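Here is how the chains run, residue by residue.
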Amino acid sequence: MKIKFLATSGIIAALYIAVTMLVAPFGFTEVQFRVSEMFNHLVAFNPRFAVGIIIGVLISNLFSPLGIYDLVFGVGHSMITLGLFILICKYVKNIWARLIINTLLFTCTMFIIAFELNLALELPFFWTWLTVAAGEFIVLAVGAPIMYALNKRLHFDHLI
């Protein structure tokens, strides 16, 4: 592995963790506004950013009040959804289309987190899916233009 890749992945993971901890009460349980999820959009610019994001999710979820549930389901959700998104990106080249697809894909796959919350806290599945999906949609919809603007300045596709 190249040092640049390792350093960039570490920075992304650290940013994800820092932002998650900053808004920690709103990043766990049935009403989630995990602002750090906007970093998922980095994969629209370069699929290699997924490594840093997944490491960030893993370390952030070590501090989750749900314990092992969040380690399994939260990390699994990120791995599955980012994996699907990377496959989709092979066929979709337009950055705005990728950002929109990523937003919708993460929103839809929040059923995994709803299932986790149903198991761990016995929360109603469909209501919980609606609440966590709404939070994810808002964060990613707001995050898409932010990440697009940052890319204009930082050129994410050339960072690793």
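How each quantity is defined
- Residues numbered from 1 in each chain as written.
- Predicted model: local features only at pLDDT ≥ 70, side-chain atom pairs only at ≥ 80, totals over all residues.
- Heavy atoms only, no water.
- 1 Å grid on protein atoms, 1.4 Å probe; cavity = no way out; pocket = protein on both sides within 12 Å on 5 of 7 lines; lining within 4 Å.
- Points joined across faces, edges and corners; volume = space filled by probe spheres on them.
- Helix = DSSP H or I, 4+ residues; strand = E, 2+ residues; numbered from the N terminus.
- Nonpolar A, V, L, I, M, F, W, Y, C, P; charged D, E, K, R; others polar.
- Patch = residues over 30% accessible without salt bridge, like charges linked within 9 Å, V, L, I, M, F, W, Y side chains within 5 Å.
- Areas by Shrake-Rupley, 256 points an atom, 1.4 Å probe, with all protein chains shown as cover.
- Salt bridge = Lys/Arg side-chain N within 4 Å of Asp/Glu carboxyl O.
- Axes fitted to C-alpha atoms, helices over the stretch in contact; angles between N-to-C directions.
- Parallel < 35°, antiparallel > 145°, perpendicular 65-115°, else oblique.
- Contact = heavy atoms within 4.5 Å.
- Phe/Tyr/Trp six-rings, centres within 6.5 Å; stacked < 30°, edge-to-face > 60°.
- Buried < 20%, exposed > 50% of the residue type's maximum accessible area, 1.4 Å probe, protein only.

An unreviewed UniProt entry lists the protein chain under the name QueT transporter family protein, from Lysinibacillus fusiformis.

A. Region of interest: empty space enclosed by the protein. Tallied over the full model, the rule gives one cavity of 30 Å³ or more. Taken as a whole, the largest cavity spans an internal volume of roughly 140 Å³. Gln 32, Arg 34, Glu 37, His 77 and Ile 113 are, among the 14 residues lining the largest cavity, the residues nearest its centre. Among the secondary structure elements, those contributing two or more residues to the lining of the largest cavity are α2 (50–61) and α3 (68–89). Considering only residue class, the lining of the largest cavity consists of four nonpolar, six polar and four charged.

B. Structural detail: a nonpolar patch on the surface. On the surface, Val 31, Phe 33, Trp 96, Ile 100, Leu 104, Phe 137, Ile 138, Val 142, Ile 146, Leu 150, Leu 154 and Leu 159 cluster together into a nonpolar patch covering about 990 Å² of accessible area. The set of elements that each furnish at least two residues to the nonpolar patch consists of α4 (95–108) and α6 (125–154). Its place among the elements puts Ile 138 in helix α6.

C. Representation of the packing of α3 against helix α5 (residues 111–121). One can describe the packing of α3 onto α5 by two numbers: an axis separation of 9 Å at closest approach and a directional angle of 170 degrees. For the element pair α3 / α5, the angle class is roughly antiparallel. Taken together, the residues of α5 that come into contact with α3 (itself represented by Tyr 69, Asp 70, Phe 73, Gly 74, His 77 and Ile 80) are Ile 112, Ile 113, Phe 115, Glu 116, Leu 119 and Ala 120. Within the contact of α3 with α5, the residues separate by chemical class into eight nonpolar, two polar and two charged.

D. Quick peek at the packing of aromatic side chains. In this structure the tally under the stated criterion is eight aromatic pairs. Ring geometry for Phe 49 against Phe 156: centres 6.4 Å apart, planes inclined by 85 degrees, an arrangement best described as edge-to-face. One end of the pair, Phe 49, is in the loop between α1 (3–22) and α2; the other, Phe 156, is in the segment after α6, and 107 residues separate them in sequence. For Phe 49, a relative accessible area of 1% puts it in the buried group. Look at Phe 156 and you get buried, because its relative accessible area is 5%. Taken together, Phe 111, Phe 125, Phe 126 and Trp 129 form an aromatic cluster joined through their ring pairs.

E. Spotlight on the side chain of Thr 81. Examined against the element boundaries, Thr 81 turns out to sit in helix α3. Setting aside anything within four residues of it in sequence, one finds Thr 81 in contact with Leu 105, Phe 106 and Thr 109.

F. Structural view of unusual backbone geometry. The phi torsion at Glu 122 lies on the positive side, around 60 degrees, for a residue other than glycine. Positionally, Glu 122 belongs in the loop between α5 and α6. Relative accessible area serves as the criterion here: at 70%, Glu 122 is assigned to the exposed category. Phi angles above zero are rare outside glycine, and His 155 is one such case at about 55 degrees. Among the secondary structure elements, His 155 is positioned in the segment after α6.

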